[in-house]
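Coordinates in review
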Amino acid sequence: MTEYVLIRDGSDLKKYEKSIEAASVVAVDTETTGLDPHRDTIRLIQLAVPRMPVLIVDCQRVLPEGLSTINRMLATKAVKIFQNAKFDLKFLQQSGVHVSLPLFDTMLAAQLLRQAGGPERVGLDSLVKHYLQMDISKEEQRSDWSRELSHKQLQYASLDAAVLIPLREAMVPQLINNGLTEVARLEFACVRALAQTEYNGIHLDLSCWMDLHHRVAQDKKKSLDRIYSIVGRPAEQQTLFGDDVPVGLNPDSNQQVIEWLKEQGIMVENTSRHTLTAYLDHPLVSAVLQYRQAAKSMSSFLATYAGMIHPVTRRLHPQYSQIGAWSGRMSCSKPNIQQIPREYSFRACFTAPAGRKLIMADYSQIELRVAAEISEDQRMMDAYRRGEDLHRLTASLITGIAPDQISPSQRQAAKAVNFGLIYGMGAKGLMDYARDTYGTDMTEEEAALFRNRFFEAYAGIARWHQSLRLSAPGQAQTLSGRQYQFAERAGLSVHTNIPVQGGAADILKQALGNLVDELISVDARIVAVVHDEIILEAAEDQAETVSSILKRVMEDAGAHYLKRVPVCADVKIGSHWGEK
């Protein structure tokens, strides 16, 4: 049985203040009345230190009177241990509780240790069983924490905190032995920023969004009418509710679209965008692609996002998976704001409320900069040191045209060359990538020529790729030491992708980890993270100050990991995301 003391008075909490402040580690856990920090409340805060009973703070009785005491307890240099810190930190933020670094999150540590023999499941019961050979019950987790608490509930709460101390002790040697201490530090610092981002949410102008919904719905209808004008109008059938719906013709059916195309003399085996782009001049293909784009916009974004606006905050609160990929890149859901189309019409709907501004910053060509650092390509590194536009330089090198004579379309083609070839793309893949991603047409012969000239120009990239082909390692590491075990037949693209995209993710997370403390003195908050971009919302009269802070923090984070290549963050201040 775990010893505990139930604290129901602020003055009683103060009796333990010096003991907590003197500890080198403090395990922190919470029990809440639900999972939503904007509708539910925090009931208990459990604090555990070695050789002392667990303090169980009844927040209904102790807060807000004891808030300053709790904040002092969690502002020390002690390591604060959490299991799934992001959840607890959101409820602590709701209550006005601030937690200072350093942190240790056993769940994140377990995710990092998965490829070093750790368990696949990272719930507390799984981790305790794996690392401590103990069984703990999570049954009380689902009990009612809003009423008078039973001894069984309090015992459960105390154990959840107390067990974190030996669990960390068991995990630390594993992190050290596997060279994961730096990436663990990185992830533990970053979790505070993501907790705040989820809690803060971002404002969506619903009126603007519904106007866009209407316009896209009209575009969908017009493209559908164009399809029907070519293939014939479908029969209509009345539903039970009196609506007429088309039957017999289905533009969402790949097989039916293939049949329509064959009737028009277009012989294709599939209807992927990649395949159909070659026939864009045909009115049926053009109409089908426009229909699909409108239909996807409707189903993936416009028809769902409005329903995700929180009833209390009137904002969207995307949920981030901090280690969403093996490379360390984050993923996002509910809603997936990272997949919002880049079109102005979509991004203009994400706005700053009255009296506030959005501060939007993204890294300039961060994956190319990471690739230059890893490969030690001299030409790339020199270009970045001189502040040159690498896309313009590449365009000049592959075409033989002077840099100041490069056209916008040639620079656009060079973007595809740069971003495609650092991952080892072949000529055919480059041709398709340039067309599908950048809207740039090149023949396969031109792609082959550009590819040859690229690797002649950037000999360091060529040597790096060749070394991977000759002796592909079984494991990759990112800049922070994050590890990835390759499958036996992993190709060059995977061997280059993990360290490059993982390195970019490391830099972004370093910036996020440092940003929380930098923003304490200003009226600003993190509201979104989108791949290599950070979006803040700030008081209008502090926008310039916050902009300078964000740029400095992001560029310092780059310098932390890239020693030979300078990093640049482009920052914009605006009333909506479309102004980036």
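Summary of the structure given here. The model shown is predicted, which means the values in this text are computed figures rather than measured ones.

**Notes on the overall build of the chain**
Helix and strand counts for the chain stand at 24 helices and 16 strands. Compactness check: the chain gives a C-alpha radius of gyration of 27 Å against a globular reference of 25 Å for 580 residues, within 12% of the reference. Projected onto its principal axes, the C-alpha coordinates of the chain cover approximately 80 × 70 × 50 Å. For the chain, the residues scored as buried account for 52% of the 580 residues in total. The long-range fraction of contacts in the chain, counting pairs at least 24 apart against all pairs at least 6 apart in sequence, stands at 67%. For the chain, the accessible surface area stands at approximately 25900 Å², while carbon and sulfur atoms represent 49% of it. Taking the 64 positively charged and 69 negatively charged side chains of the chain as two groups, their mean positions are separated by 2 Å.

**Some remarks on the layout of surface pockets**
Of the voids in this model, the second largest pocket is the one considered here, and its volume is about 750 Å³. Looking at the second largest pocket, it is lined by 35 residues, and the ones nearest its centre are Leu-35, Gln-83, Asn-84, Phe-87 and Gln-141. Among the secondary structure elements, those contributing two or more residues to the lining of the second largest pocket are β2 (25–32), α5 (85–94), α6 (106–113), α8 (151–162), α10 (181–200) and β9 (319–321). The dominant element in the lining of the second largest pocket, judged by the number of residues it contributes, is α5, at 5 residues. Its residues assigned to classes, the lining of the second largest pocket comprises 12 nonpolar, 13 polar and 10 charged.

**A look at unusual backbone geometry**
Following Leu-63, the chain continues into Pro-64 via a peptide bond in cis, with omega recorded as 5°. Checked against the element boundaries, Pro-64 lands in the loop between α3 (59–62) and α4 (67–73). Here the bond from Leu-101 into Pro-102 is cis, since omega is 5°, no more than 30 degrees from zero. By the element assignment, Pro-102 lies in the loop between α5 and β6 (103–105). Phi is positive for Gln-133, close to 55°, though the residue is something other than glycine. Positive phi values are uncommon outside glycine, yet His-531 reaches one of about 60°. In this fold, His-531 is placed in the loop between β14 (524–530) and β15 (533–539). What makes His-531 partly exposed here is its relative accessible area of 31%.

**A short note on empty space enclosed by the protein**
Across all of its chains, the model carries 1 cavity of 30 Å³ or more by this definition. As for the largest cavity, its lining consists of Gln-111, Leu-112, Arg-114, Gln-115, Leu-180, Ile-323, Trp-326, Arg-482 and Gln-483. For the lining of the largest cavity, the residue count by class is 4 nonpolar, 3 polar and 2 charged.

**A look at the packing of aromatic side chains**
Inspection of the entire model under this criterion finds 14 aromatic pairs. Taking 5.9 Å as the distance between ring centres and 80° as the angle between the ring planes, the aromatic pair formed by Trp-209 and Phe-350 counts as edge-to-face. With Trp-209 in helix α11 (residues 206–231) and Phe-350 in the loop between α15 (344–347) and β11 (356–363), the pair connects residues that are 141 residues apart, well separated along the chain. Residue Phe-350 is classed as buried on the basis of its relative accessible area, which comes to 0%. Look at Phe-454 and Phe-455: their rings are 5.1 Å apart centre to centre, the planes differ by 90°, and that puts the pair in the edge-to-face class. Accessibility assignment for this pair places Phe-454 and Phe-455 in one class, buried. An aromatic cluster of at least three residues, connected via ring pairs, comprises Trp-209, Phe-301, Tyr-305, Phe-346, Phe-350 and Trp-577. Across from the ring centre of Phe-104, 5.5 Å away, lies the NZ or CZ of Arg-168, which sits over that ring. The ring of Trp-577 has Arg-347 sitting right over it, with the charged end atom 4.0 Å from the ring centre.

**Digging into the pattern of salt bridges**
Scanning the entire structure with this criterion turns up 34 salt bridges. The partner of Glu-537 in a salt bridge is Arg-525, and the shortest N-O contact between them spans 3.1 Å. You can see Glu-537 sitting in strand β15 and its partner Arg-525 sitting in strand β14, a full 12 residues away along the chain. Under the relative-accessibility criterion, Glu-537 is labelled buried at 0%. On the basis of relative accessibility, which here comes to 30%, the residue Arg-525 falls in the partly exposed class.

**Concerning the nonpolar core**
Formed by 98 residues in total, the largest nonpolar core has its most connected members in Trp-209, Ile-337, Phe-350, Leu-512 and Ile-534. The greatest single-element share of this core, amounting to 9 residues, is contributed by helix α23 (residues 492–518). Contacts of Ile-337, omitting those with residues within four sequence positions, involve Ile-202, Tyr-305, Pro-318, Tyr-320, Cys-332, Phe-350, Ala-528, Val-530 and Trp-577. The next biggest cluster of nonpolar side chains, apart from the first, holds 68 residues, and it includes Ile-7, Ile-81, Val-97 and Leu-164.

**A closer look at the sheet that holds strand β5 (residues 79–82)**
Strand order in the open sheet formed by 6 strands is β1-β4-β3-β2-β5-β6, with mixed pairing between adjacent strands. Two strands lie at the open edges of the sheet, namely β1 (4–7) and β6, each paired on one side alone. Within the sheet, the average angular offset between the axes of one strand and its neighbour, ignoring direction, is 25°.

**Points about the environment of Gly-491**
Relative to the helices and strands, Gly-491 resides in the loop between β13 (483–485) and α23. Since its relative accessible area comes to 35%, Gly-491 is described here as partly exposed. Sequence-wise, Gly-491 and Leu-468 are 23 residues apart; in three dimensions their C-alpha atoms are separated by 9.3 Å.

Thresholds applied
Residues numbered from 1 in each chain as written. Predicted model: local features only at pLDDT ≥ 70, side-chain atom pairs only at ≥ 80, totals over all residues. Heavy atoms only, no water. Helix = DSSP H or I, 4+ residues; strand = E, 2+ residues; numbered from the N terminus. Rg over C-alpha atoms; globule rule 2.2 N^0.38 Å. Buried < 20%, exposed > 50% of the residue type's maximum accessible area, 1.4 Å probe, protein only. Contact = heavy atoms within 4.5 Å. Areas by Shrake-Rupley, 256 points an atom, 1.4 Å probe, with all protein chains shown as cover. Lys, Arg positive; Asp, Glu negative; His and termini not counted. Charge placed at Lys NZ, Arg CZ, Asp CG, Glu CD. 1 Å grid on protein atoms, 1.4 Å probe; cavity = no way out; pocket = protein on both sides within 12 Å on 5 of 7 lines; lining within 4 Å. Points joined across faces, edges and corners; volume = space filled by probe spheres on them. Nonpolar A, V, L, I, M, F, W, Y, C, P; charged D, E, K, R; others polar. Phe/Tyr/Trp six-rings, centres within 6.5 Å; stacked < 30°, edge-to-face > 60°. Lys NZ or Arg CZ within 6 Å of the ring centre and 35° of its normal. Salt bridge = Lys/Arg side-chain N within 4 Å of Asp/Glu carboxyl O. Core = buried A, V, L, I, M, F, W, Y, C linked by side-chain atoms within 4.5 Å. Pairing = 2+ DSSP bridges. Axes fitted to C-alpha atoms, helices over the stretch in contact; angles between N-to-C directions.

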